[in-house]
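Reading the structure
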Amino acid sequence: MTARRRAARLPGFGLSLGVTLTALSLVVLVPLFALALSALRLDAATLRRTAADPRVLAAVRLSLTTAFAGAAGASLVGGLLAWVLVRYRFPLRRLVDALVDLPFALPTAIAGIALTTLWAPTGWLGRPLAALGVNVAFTPLGIALALVFLGLPFAVRTLQPVLESLDPEVEDAAASLGAGRRDVFLRVLLPELVPAWLTGFTLAFARGLGEYGSVVFISGNLPMRTEVAPLLVMTKLEQYDYAGATALAALLLVLSFVLLFAASRLQARSAEAGA
Amino acid sequence: MTALRPARTEPPWVRRLLVGAALAAVAVLLVLPLALVFAEALKDGVPAYLAALAEPEALAALKLTALVVAVVLPVNVVAGVAAGWALGKFDFPGKSLVVSLIDVPFAVSPVVAGMLFVLLFGRTGFLRGAVEALGLTVLFAPPAIVLATLFITFPFVARELIPTMQSLGTEEEEAAHVLGAGFLQILRRVALPNALWGLLYGLLLSTARAAGEFGAVSVVSGHIRGQTNTLPLHVEILYNEYRFSAAFAVASLLTGLALLTIVLKSVLEARERRGRSLP
């Protein structure tokens, strides 16, 4: 209350809010409005045709499964990284901590060609795997791998602050009452970490669902087999099938809004629990 | 911080195992792709590397990317500083809605983001008539590339500045105001210098993302060589033509920018931590 009263005395509120809202409207809201209008104009026949198209169904299913697998992988590796970075001191720790942000800063197309070259049957890691009969590049496994890379910062950066804020006394108390390390982890630490972990998973899932650049190179892009939904949107646009593209894009958009809404609820809950 | 009491930590062999697993994961997932970019870029030697960068099409792509960044950054800074001030220093009804709306581009697939501008300016676009009446070409030309990049990068500066400005409070600004400073003077002399590192990181991240945006730009660019290809699109073309070392040579420029961004973030966070521990 006092903050509000004091803040009201500072100048520039109207001007700065006006600039913010104007820029937001022109840059973000008007373009989104175009998609909403186009989606509302779709007729039932187009929607039926899109919903029954096996190629669309295959692409949506592939996007959902690979994004899920990628987010799960990112959560596992990210959980390990966050734990180690917060709890232990080891050589290269600061470097590892900085590198976690790489997928966030590296252009997706470059991640895409680097991962493809690395995991292709002729690549540094793909060749030994190919000798074992495992193909990563140009399969759904490769798509999931690219999405593990992409989702890693989300998983680590949502868990890190929660791990840092855990009260050490609770652990000490549990240990002094005779709980072993495993019990302390499973019963004391894990319940505190789950909301943040799920938040990171959901953010990575939402990001992976719409991802294009890091996926198109490693996926191989075979219709029905390794074609993700965003790529199919692109194909439909190139074929001037604006109605089909709009239907699929609207579906993707609604899915990620739902996921991000869920993530923000989770985050609010874990913030409450932490307070 | 260094001396964890035994009750709260794991046996040494567990710790060593976990650290080893973490380092291995980082090596495979992050370090190898990064090393590969530079190894492939220099595979045919330094002269070939430099030649790939000096190709007219590479230079044209660099120029277009620089142009996009040069238009996008000032808009992001003005909007981001405005958002930082309005949302970081004031409370008002509907504030959380505005914050969520600023985040919306994060939720949109890059391909869908590009598509929005096809729907606005394409064959059946809502603004097609208006743009044609003015004699402008937007789609499959630099203006659409700029617009799509603006959409994608819009949240970055604001996202950094809103929490930074909020955490700094309003006392210094109020003091400046009482002493007679106007809005722009307070911004320039007090609020922005205090939030400088947040602004700088937001700027660099915005630059890296604007220069590297691929999906959205791919939809609206039209892929006209030497005219509407940005650096990432040029990389894609070279790669698809099996000119791998040239592709990675151009890619190494953007990779360097990404590395600069994460180094700056690391420095910034170290400064913040030091600031917090001081009385």
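Cut-offs applied
The numbers attached to residues start from 1 for each chain and follow its sequence in the written order. Chain labels run from A onward and ligand labels from 1 onward, assigned in the order the entries are written. Residues qualify for local features only when their pLDDT is at least 70, as the model is predicted, and side-chain atom pairs are given and counted only at 80 or more; totals for whole chains, interfaces and linings, by contrast, use all residues. Starting at the N terminus, helices and strands are each numbered in turn, a helix being any DSSP run of H or I of at least four residues and a strand any DSSP run of E of at least two. We call two residues in contact when their backbone-placed C-beta atoms lie within 7 Å. Burial is judged by counting the other C-beta atoms within 10 Å of a residue's own C-beta: 20 or more makes it buried, 12 or fewer makes it exposed, and any count in between marks it as partly exposed, with every C-beta position built from the backbone. Lines fitted to the C-alpha atoms define the axes, with helices restricted to the stretch that makes contact. Angles between their N-to-C directions range from 0 to 180 degrees. Crossing handedness is read from the near helix: turned anticlockwise from the far helix by less than a right angle, it gives a left-handed crossing, and turned clockwise, a right-handed one. Start and end points for every domain follow an automatic or database-based domain assignment. Three classes are used: nonpolar for Ala, Val, Leu, Ile, Met, Phe, Trp, Tyr, Cys and Pro, charged for Asp, Glu, Lys and Arg, and polar for all others, with Gly counted as polar. Nonpolar core, as used here: buried Ala, Val, Leu, Ile, Met, Phe, Trp, Tyr and Cys residues forming one set through C-beta atoms within 7 Å. Every angle not falling under 35 degrees, over 145, or within 65 to 115 is termed oblique; those three ranges are roughly parallel, roughly antiparallel and roughly perpendicular. Values of pLDDT, which run from 0 to 100, indicate the predictor's confidence residue by residue.

So, about the overall build of chain B. Within chain B, the regular secondary structure consists of 13 helices and 0 strands. Element order for chain B, N to C, with α for helix and β for strand: α-α-α-α-α-α-α-α-α-α-α-α-α. When the backbone C-alpha atoms are referred to their principal axes, chain B occupies close to 60 × 60 × 30 Å. Nonlocal contacts in chain B, meaning residues at least 24 apart in sequence, comprise 76% of its contacts between residues at least 6 apart.

Further remarks concern the overall build of chain A. The helix and strand inventory of chain A stands at 14 helices and 0 strands. C-alpha atoms of chain A, sized along the principal axes, occupy 65 × 65 × 30 Å. A buried classification covers 49% of the 275 residues belonging to chain A. Summarising the internal contacts of chain A: among those between residues at least 6 apart in sequence, 78% fall at separations of at least 24.

Turning our eyes to something else, we now look at the packing of helix H3 (residues 56-89) of chain B against helix H10 (residues 196-212) of chain B. All names here are of chain B. Remark: H3 packs on H10, axes separated minimally by 9 Å, with the N-to-C direction vectors making an angle of 145 degrees. The two elements H3 and H10 cross, and the hand of that crossing is right-handed. Packed against H3, whose contacting residues are Thr-65, Val-68, Val-69, Val-72, Leu-73, Asn-76, Val-77 and Gly-80, the element H10 presents Gly-202, Leu-203, Ser-206, Thr-207, Ala-210 and Ala-211 at the interface.

Buried accessible area, meaning the area lost when the parts come together, often serves as the stated size of an interface. All names here are of chain B. Under the domain assignment, chain B is made up of domain 1 (10-41) and domain 2 (45-277). Once you take the C-alpha centre of each, domain 1 and domain 2 turn out to be 30 Å apart. Taken residue by residue, the interface counts 5 residues in domain 1 and 8 residues in domain 2. Class assignment for the residues of the side of domain 1 that touches domain 2 results in 4 nonpolar, no polar and 1 charged.

Here we take up the nonpolar core. It is characteristic of soluble globular proteins that their nonpolar side chains tend to be buried jointly. In terms of nonpolar packing, the biggest core is built from 168 residues, with Val233(A), Met115(B), Ala148(B) and Phe151(B) touching the most fellow members. Ranked by residue count, the leading element in this core is helix H7 (residues 142-167) of chain B, at 15 residues. Both domain 1 (10-41) and domain 2 (45-277) of chain B contribute no fewer than three residues apiece to this core.

The next point concerns unusual backbone geometry. Unusually for a residue other than glycine, Phe138(A) sits at a positive phi of about 65 degrees. Take Phe138(A): it is sitting in the loop between helix H8 (126-131) and helix H9 (140-165).

Attention now goes to the interface of chain B and chain A. With 77 residues of chain B at the contact, the number on the chain A side is 77 residues. A total of 15 residues in the side of chain B that touches chain A trace back to one element, the largest contributor, which is helix H1 (residues 12-41) of chain B. The residue makeup of the side of chain B that touches chain A, split by class, is 56 nonpolar, 11 polar and 10 charged.

Another aspect to go through is the packing of helix H13 (residues 229-238) of chain A against helix H5 (residues 110-121) of chain B. For any two helices packed against each other, one specifies the crossing angle of their axes together with the interaxial distance. Where H13(A) meets H5(B), the axes come as close as 9 Å, and the angle between the chain directions of the two elements is 25 degrees. By the angle between their directions, the pair H13(A) and H5(B) is classed as roughly parallel. You can see that H13(A) and H5(B) cross each other, and the crossing is left-handed. Every residue of H5(B) that contacts H13(A) at Pro230(A), Val233(A), Met234(A) and Leu237(A) is listed here: Val111(B), Val112(B), Met115(B) and Val118(B).

What follows covers the environment of Ala79(B). Residue position: Ala79(B) is located in helix H3. Placed 190 residues apart in sequence, Ala79(B) and Glu269(B) show a C-alpha to C-alpha distance of 24 Å. Not counting residues within four places of it along the chain, the set of residues in contact with Ala79(B) comprises Val19(A), Thr20(A), Ala23(A) and Ala158(B).

So, about the environment of Gly123(A). All names here are of chain A. Here Gly-123 is to be found in the loop between helix H7 (108-119) and H8. Look at Gly-123 and you get buried, because 20 C-beta atoms sit within 10 Å. As for Gly-123 and Pro-103, which are separated by 20 residues in sequence, their C-alpha atoms are 20 Å apart. If near-sequence neighbours (up to four positions away) are discounted, Gly-123 is found in contact with Thr-117 and Leu-118.

Here the focus is the confidence of the model for chain A. Looking at chain A as a whole, its pLDDT mean stands at 91, while 96% of the residues score no less than 70. Considering only residues more than four positions removed or in separate chains, one finds that residues 1-8 of chain A, a stretch of pLDDT under 50, has 8 contacts.

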